[in-house]
Amino acid sequence: QYSPDSVAGADGEMDPTEITFPGCSCRSSSCTDPQCPCLCRGQNYSSLCLRLPEQQQQQFSRPVFECNSLCQCGDGCQNRLVQRGLQLRLQVFRTRCKGWGVRALEPIPRGRFVCEYAGEVLGFAEAQRRIQAQTAQEPNYIIAVREHLHDGRVMETFVDPTRVGNVGRFLNHSCEPNLFMVPVRVDSMVPKLALFAAADISAGEELTYDYSGRFHNSPGASREHKPLEEEKSLRKPCYCGSRTCASFLPWDSSLFSTP
């Protein structure tokens, strides 16, 4: 079932449509920093693109909060980008050896929002149950996104587009991707998993991102590790073809293991 936005999973633990954030009282057609409390919370946009600071200059990235449905600003506010959904022409196509993939049908500038990775938002227990019910031959669409807070806490979001999802489910992994994922919050703490262009992308180019979370993140942010001998049979080969290809798709056994 196609859905442009994430939906609550069957376990009912997380509802991405719930509105818990207060709205801003900005009366202008487009909010400005530092007057707008939404913009003051974190990183913001410039000309429909996410501002991309040099990773080396900061240990942590700032969160992204968009104006929401309770805000007084208009729909044309510059701080409403990801919530508008897909604005670019993309094409799902059959790749040579990776199954389905997605390519751009128009040039995409660096920092531009491309699409959301939408699906069912699950709690850890349901995500783990679904992962463990899969066979090694079945494709796994469940993504685990971990946000490392400055005080050491880790916030986890699990999204499964297997049954309900959007074009994002067809994006392939690459060890040298041209997209990167950013959690963007609009109405609540449940984030939209937004994919932005990491570089200028040409028309016809395949769109990819790094499933491990290494790309555009601090070293050590990923929980990927060398798999145990009994886990190696579950790993899938990587066909990204990049110079730094790791030969296998990223591996995170936390959803397979029993606490």
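Per an unreviewed UniProt entry, the protein chain carries the name SETMR methyltransferase and comes from Chaetops frenatus. Per UniProt, the comment on the protein chain under Subcellular location (unreviewed entry) is "Chromosome".

A.B. asks: Just checking my understanding: could you explain the environment of Arg-51 for this structure?
C.D. replies: By the secondary structure assignment, Arg-51 is in the loop between β3 (49–50) and β4 (64–65). Classification of Arg-51 as partly exposed rests on a relative accessible area of 46%. Sequence separation between Arg-51 and Arg-110 is 59 residues, and the spatial gap between their C-alpha atoms is 9.5 Å. Filtering out sequence-adjacent residues up to four positions away, Arg-51 remains in contact with Gln-43, Asn-44, Tyr-45 and Ser-46. Here Asn-44 takes part through its side chain, which lies 2.7 Å from a polar atom of the side chain of Arg-51.

A.B. asks: Teacher, can you tell me more about the environment of Cys-36 here?
C.D. replies: By secondary structure assignment, the location of Cys-36 is in the loop between β1 (7–8) and α1 (37–40). Judged by relative accessible area, which is 0%, Cys-36 ranks as buried. The residues touching Cys-36, leaving out its near neighbours within four places in the chain, are Cys-24, Cys-26, Cys-31 and Cys-67.

A.B. asks: I'm lost on the sheet that holds strand β10 (residues 154–160) in this one. Help?
C.D. replies: Across a sheet, paired strands are connected by hydrogen bonds in the backbone, their directions being either parallel or antiparallel. The mixed open sheet is built from four strands, whose spatial order is β1-β8-β10-β9. Edge positions in the sheet fall to β1 and β9 (143–148), since each has one partner strand and no second. Two elements, strand β8 (residues 120–122) and β10, share three bridges in a ladder whose sense is antiparallel. When the bridges of β10 are listed, Glu-120 appears paired with Asp-160. Relative to the sheet, helix α2 (residues 124–133) contacts β8 and β10, its axis offset from that of β8 by approximately 110°.

A.B. asks: Would you mind going over the packing of aromatic side chains with me for this structure?
C.D. replies: The geometry of an aromatic ring pair comes down to the distance between the two centres and the angle between the two planes. Evaluation of the coordinates by the stated rule reveals six aromatic pairs. Judged by centre distance (5.0 Å) and plane angle (55°), the rings of Tyr-209 and Tyr-211 are tilted. Taken together, the ring pairs connect Phe-113, Phe-180 and Phe-196 into an aromatic cluster. Residue placement shows Arg-94 over the ring face of Trp-100; its charged tip is 4.9 Å from the ring centre. Here Arg-103 stacks its cationic end above the ring of Phe-93, 4.1 Å away from the centre of that ring.

A.B. asks: Is there a simple way to think about unusual backbone geometry in this case?
C.D. replies: What is expected of a backbone is that most residues other than glycine have negative phi and most peptide bonds are trans. Each neighbour pair has its own omega, and for Asp-33 with Pro-34 the value is 15°, a cis peptide bond. When you line up the elements, Pro-34 lands in the loop between β1 and α1. Here the phi dihedral of Ser-47 falls at roughly 55°; this positive angle occurs in a residue that is not glycine. In this structure, Ser-47 sits in the loop between β2 (45–46) and β3.

A.B. asks: Sorry, what's going on with the layout of surface pockets here?
C.D. replies: Rolling a probe over the atoms, with the probe sized like a water molecule, indicates the empty space that remains. A volume near 280 Å³ is recorded for the second largest pocket. Along the walls of the second largest pocket sit 15 residues, with Asp-5, Pro-16, Val-186, Asp-187 and Lys-192 positioned nearest its centre. Across the lining of the second largest pocket, the residue classes break down as four nonpolar, six polar and five charged.

A.B. asks: Any chance you could explain the pattern of salt bridges here in plain terms?
C.D. replies: Oppositely charged side chains can pair when the atoms bearing their charge come close. This structure, assessed with the given rule, holds 14 salt bridges. We note a salt bridge from Glu-116 to Lys-192, for which the minimum N-O separation is 3.6 Å. Of this pair, Glu-116 sits in strand β7 (residues 113–116) while Lys-192 sits in strand β13 (residues 192–197), and the two are 76 residues apart along the sequence. Per residue, the accessibility class of Glu-116 equals that of Lys-192, and both read buried. Residues Arg-153 and Asp-151 are paired through a salt bridge, measuring 2.9 Å at the closest nitrogen-oxygen approach.

Cut-offs and rules
Residues numbered from 1 in each chain as written. Predicted model: local features only at pLDDT ≥ 70, side-chain atom pairs only at ≥ 80, totals over all residues. Heavy atoms only, no water. UniProt positions renumbered as here; feature names shortened; annotations may be inferred. Helix = DSSP H or I, 4+ residues; strand = E, 2+ residues; numbered from the N terminus. Buried < 20%, exposed > 50% of the residue type's maximum accessible area, 1.4 Å probe, protein only. Contact = heavy atoms within 4.5 Å. Polar contact = N/O pair within 3.5 Å; in protein donor to acceptor, adjacent residues only side chain to side chain. Pairing = 2+ DSSP bridges. Axes fitted to C-alpha atoms, helices over the stretch in contact; angles between N-to-C directions. Phe/Tyr/Trp six-rings, centres within 6.5 Å; stacked < 30°, edge-to-face > 60°. Lys NZ or Arg CZ within 6 Å of the ring centre and 35° of its normal. 1 Å grid on protein atoms, 1.4 Å probe; cavity = no way out; pocket = protein on both sides within 12 Å on 5 of 7 lines; lining within 4 Å. Points joined across faces, edges and corners; volume = space filled by probe spheres on them. Nonpolar A, V, L, I, M, F, W, Y, C, P; charged D, E, K, R; others polar. Salt bridge = Lys/Arg side-chain N within 4 Å of Asp/Glu carboxyl O.

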